[in-house]
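Here's the letter readout for the chains.
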Amino acid sequence: QKEVEQNSGPLSVPEGAIASLNCTYSDRGSQSFFWYRQYSGKSPELIMFIYSNGDKEDGRFTAQLNKASQYVSLLIRDSQPSDSATYLCAVKNTGFQKLVFGTGTRLLVSP
Amino acid sequence: GAVVSQHPSRVICKSGTSVKIECRSLDFQATTMFWYRQFPKQSLMLMATSNEGSKATYEQGVEKDKFLINHASLTLSTLTVTSAHPEDSSFYICSAEQGNQPQHFGDGTRLSIL
């Protein structure tokens with residue numbers, strides 16, 4: 001079982017719709033959760049981070065965390081073609097320095 | 001926001017050349033820096049974790065004598081790919097963090113060995 005799992009996609013949504021990206025993790029000691037966006041040929045860019053159960057909103061982005069279910073998600077409201085990218089879920093156990101990344105979900109937003 | 005600068009952005013050189021890549025945190029002191037490698041259409045692969053003033057911790061399968069990492073200050077880490085060969089061609093990305101804050105990535109270095 002992979003430590004951090006994401007559906008590779010592509011996830012296709014029309015412009016203006018809500019895109020829902022999901023991630024599950026296996027380490028119950030995980031404390032910090034991150035979503036990065038990576039455009040093709042570019043480096044990852046931090047979108048959201050969440051440490052506590054529940055929802056965290058920032059503009060069009062909402063991160064949701066459920067530690068009991070070991071599940072973290074990212075919602076993108078009013079999706080735009082410029083949101084088309086690969087979204088990487090990353091998890092950190094505070095006992096360790098490194099992030100554990102999922103393989104990413106490719107999102108395609110069609111005009 | 002946190003800014004991480006990576007230089008150079010692209011390198012093309014002959015086989016056998018050693019290449020140095022710099023990673024700087026511009027507006028914060030990076031207690032830890034990380035070096036990743038990414039091949040086309042593949043996931044990020046962590047190569048090593050570097051704490052200021054101490055030796056880097058390399059991931060399994062990464063040759064420490066091949067990929068030399070120096071983290072001499074809280075704002076600068078360097079990765080030197082020694083005697084590079086075509087199979088070392090890849091996208092190398094550094095990241096930096098301060099304490100428990102999120103990691104921020106540099107723009108990456110695309111290395112092509114002829």
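Basis of the calculations
- Once a new chain begins, its residue numbering starts again from 1 and follows that chain's sequence as written.
- Note on labels: chains are lettered from A, ligands numbered from 1, in written order.
- Per-residue local features are limited, in this predicted model, to residues with pLDDT of at least 70; the limit for side-chain atom pairs, both in listing and counting, is 80 or more; totals at the level of whole chains, interfaces and linings are taken over all residues.
- Neither water nor hydrogens contribute to the side-chain values; these are computed over all heavy atoms in the structure.
- Residue contacts are defined here by distance: any two heavy atoms, one from each residue, within 4.5 Å place the two residues in contact.
- Note on definitions: salt bridges are taken to be side-chain nitrogens of Lys or Arg within 4 Å of carboxyl oxygens of Asp or Glu.
- Side-chain atoms alone can form a polar contact between residues adjacent in sequence; in general such a contact is a pair of N or O atoms within 3.5 Å, and within protein one must be able to donate a hydrogen while the other accepts it.
- The helix and strand labels rest on DSSP assignments: H or I over at least four residues marks a helix, E over at least two residues marks a strand, and numbering proceeds from the N terminus.
- For this scheme, ten residues count as nonpolar: Ala, Val, Leu, Ile, Met, Phe, Trp, Tyr, Cys and Pro. Four count as charged, namely Asp, Glu, Lys and Arg, and the remainder, Gly too, count as polar.
- Only protein chains enter the accessibility calculation, which uses a 1.4 Å probe. A residue is then buried if its area is under 20% of the maximum for its type, exposed if over 50%, and partly exposed in between.
- The pairing criterion is simple: DSSP has to find at least two bridges between the two strands.
- Lines fitted to C-alpha atoms define the axes, with helix axes restricted to the stretch in contact, and inter-axis angles between N-to-C directions lie between 0 and 180 degrees.
- Note on ring pairs: Phe, Tyr and Trp rings are taken, using the six-membered ring of Trp, and paired if centres are within 6.5 Å. Classes follow the plane angle, with under 30 degrees stacked, over 60 edge-to-face and the rest tilted.
- In our convention, an over-ring charge means Lys NZ or Arg CZ found within 6 Å of a ring centre and within 35 degrees of that ring's normal.
- As a per-residue measure, pLDDT reflects the predictor's confidence and takes values from 0 up to 100.

Visitor: Before we go on, may I ask you to explain the interface of chain B and chain A in this structure?
Guide: Counting residues at the interface gives 22 residues for chain B and 17 residues for chain A. Our enumeration of links across chain B and chain A arrives at two salt bridges. Scanning the region where chain B abuts chain A turns up nine residue pairs in polar contact (both at pLDDT 80 or more). If you list the elements that add at least two residues to the side of chain B that touches chain A, you get β4 (32-38), β5 (45-51), β9 (90-97) and β10 (104-105) of chain B. Among the elements that make up the side of chain B that touches chain A, the one with the highest residue count is β4 of chain B (four residues). Within the side of chain B that touches chain A, the residues separate by chemical class into eight nonpolar, 10 polar and four charged.

Visitor: What is the right way to look at the environment of W35 of chain A in this model?
Guide: Residues and elements named next belong to chain A. Note on placement: W35 falls in strand β4 (residues 30-38). The class for W35 is buried, based on a relative accessible area of 1%. Once the C-alpha coordinates of W35 and A19 are considered, the two residues, 16 residues apart in sequence, prove to be 14 Å apart. Within polar-contact distance, the side chain of W35 engages the backbone oxygen of S73 at 3.4 Å.

Visitor: Looking at this model, I keep getting lost on the sheet that holds strand β8 (residues 76-81) of chain B. Mind explaining?
Guide: The strands making up a sheet associate through hydrogen bonds between their backbones, and the pairing can be parallel or antiparallel. All names here are of chain B. What the four strands build is an open sheet, ordered β1-β3-β8-β7; its pairing is antiparallel. Two strands lie at the open edges of the sheet, namely β1 (4-7) and β7 (67-73), each paired on one side alone. Adjacent strand axes in the sheet meet at a mean angle of 15 degrees, parallel and antiparallel pairs treated alike. Relative to β8, strand β3 (residues 19-25) runs antiparallel, the two being bridged by six bridges. Each residue of the ladder has a partner; that of K20, found in β8, is T80.

Visitor: Would you mind showing me how to read the packing of aromatic side chains here?
Guide: One pair of aromatic rings is described through two measures. These are the centre distance and the angle between the planes. Counted by the stated rule, this structure contains 11 aromatic pairs over all chains. Judged by centre distance (6.3 Å) and plane angle (75 degrees), the ring pair of F34 of chain A and Y51 of chain A falls under edge-to-face. A residue pair is termed long-range when its members are at least 10 positions apart, and F34 of chain A in strand β4 and Y51 of chain A in the loop between β5 (45-50) and β6 (54-58) qualify at 17 residues. Plain terms: the ring middles of Y36 of chain B and F105 of chain B are 5.4 Å apart, the flat faces sit at 45 degrees to each other, and that makes the pair tilted. Of the two residues, Y36 of chain B is situated in strand β4 and F105 of chain B in strand β10; the sequence distance between them amounts to 69 residues. The rings of F34, Y36, F49, Y51 and F101 of chain A together with Y36 and F105 of chain B are connected pair by pair, giving a single aromatic cluster. Of note, K56 of chain A hangs over the ring of F49 of chain A, and the distance from its end group to the ring centre comes to 3.6 Å. Its guanidinium or amino end placed over the ring of F91 of chain B, R110 of chain B lies 4.2 Å from that ring's centre, counting from NZ or CZ.

Visitor: Quick question: what am I supposed to make of the confidence of the model for chain B here?
Guide: For any part of a model where pLDDT is low, the fine detail of the predicted coordinates should not be relied upon. Put simply, chain B has an average pLDDT of 93, and 99% of its residues get 70 or more. The spread of mean pLDDT over the elements of chain B runs between β7 of chain B, the lowest at 91, and strand β11 (residues 109-113) of chain B, the highest at 97.

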